[in-house]
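# Working through the structure, step by step
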Amino acid sequence: MDMNVFIDLYKRVGMIRVNSCPPSALSGLLHGYLSVCSIVRVYPWLEEEYGTWWDNYLRIQEIARELEKLVRDATLPYDERAGYVSDLLDAYQIYDDMPLVDLGLEVAYTLLATEGVKKLICLGGTSNICRLLCHCFYFANDEECKEVAGNIVRGWLEGGRENGKFSRKNWQAVLFYENVVNDNLDYYESGEREQLQVCNIKVEDELIKLCVSQVEELDVYSLVNVFHLLAERAFGNYDKIERSF
């Protein structure tokens, strides 16, 4: 894929009005811009293509304001709201505002108290809940949340070995857990972990190839999703983004 494709996606996403963006697309939009902010911070000479760090920071502020509305909406489903709280706390990486963190933690503990933290293990947990628990450990040093998150991801890993399948969202939550709590979960034999990552990348490659070929007809959610994937890859390994699909 030519670098111009990613630049074009970035420009298209920049035309999306955040206040009219579907809630389901806000998470991808946020994390795409978080990656772009990191790109221009590490490679400042790319500001001509991706805007300045400040330009992207302002965009993240816009998204955070929409997430604040969703976080406060107690009528939303439990897991959906947990995801928005986690996204809001992710925004703190760039959007340096402690009241934002306080709001996120307040709602997080309201949600966890509603369900009962230990009950989450019995419920199986979701990627949103796992991320939320990790944030509570990170920002509030909550050891109980760390323990529950660890039990959830270990359950996923054991299940993944049994059926050979692992969802991308759950895999990202595992990596997030390992990074936040500094705990490398060694549940796979030599080569298995790498094979799982390759499988996930192949699935992403197919999604990107399909979306790029139909970029003119993409709905907002699909456009944001492929933007998020490519922005994440660009930050992780910028010099290899010019891949062919």
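As a reminder, the structure under discussion sits directly above these lines.
If you're wondering where the values come from, they're calculated on a predicted model, not measured in any experiment. Throughout this description, residue numbers start from 1 for each chain and increase along the sequence as written. Under the rules for a predicted model, residues below a pLDDT of 70 receive no local features and side-chain atom pairs below 80 are neither given nor counted, while totals for whole chains, interfaces and linings still include all residues. Working from all heavy atoms in the structure, the side-chain values ignore hydrogens and water.

### Here we look at the environment of A91
Locating A91 in the fold gives a position in helix 5 (residues 78–91). When its relative accessible area of 0% is taken as the criterion, A91 is described as buried. For A91 and S27, which are 64 residues apart along the polypeptide, the C-alpha to C-alpha distance reads 10.0 Å. Contact definition: two residues touch when any of their heavy atoms are within 4.5 Å. Apart from residues no more than four positions distant in its own chain, A91 is found in contact with L30 and I60. Helix and strand labels come from DSSP, where a helix needs a run of H or I of at least four residues and a strand needs a run of E of at least two; each type is numbered from the N terminus. Between buried and exposed lies partly exposed: a residue is buried under 20% and exposed over 50% of the maximum accessible area for its type, with that area taken using a 1.4 Å probe on protein chains only.

### Here we look at the pattern of salt bridges
If the charged atoms of two oppositely charged side chains come close together, the side chains can form a pair. Salt bridge, as used here: a side-chain nitrogen of Lys or Arg that lies within 4 Å of a carboxyl oxygen of Asp or Glu. Under the definition given, this model contains six salt bridges. R72 is the partner of E68 in a salt bridge, and the nearest nitrogen-oxygen pair spans 4.0 Å. Overall, the relative accessible area of 55% leaves R72 in the exposed class. Put simply, D90 and R131 hold a salt bridge, and the shortest N to O gap is 2.9 Å.

### So, the packing of aromatic side chains
Only Phe, Tyr and Trp rings take part, Trp by its six-membered ring, and two of them pair if their centres are within 6.5 Å. Stacked means planes under 30 degrees apart, edge-to-face means over 60, and tilted covers everything else. Taken as a whole, this structure holds eleven aromatic pairs when the rule is applied. Ring centres 5.4 Å apart and planes at 50 degrees place the aromatic pair F6 and Y50 in the tilted group. Linking F6 in helix 1 (residues 3–14) with Y50 in helix 3 (residues 47–50), this pair joins segments that are 44 residues apart in sequence. F6 gets classed as buried once you look at its relative accessible area, which sits at 0%. Here Y50 falls in the buried class, since its relative accessible area comes to 1%. Taken together, the aromatic side chains of F6, Y10, Y33, Y50 and F227 make up a single cluster linked through ring pairs.

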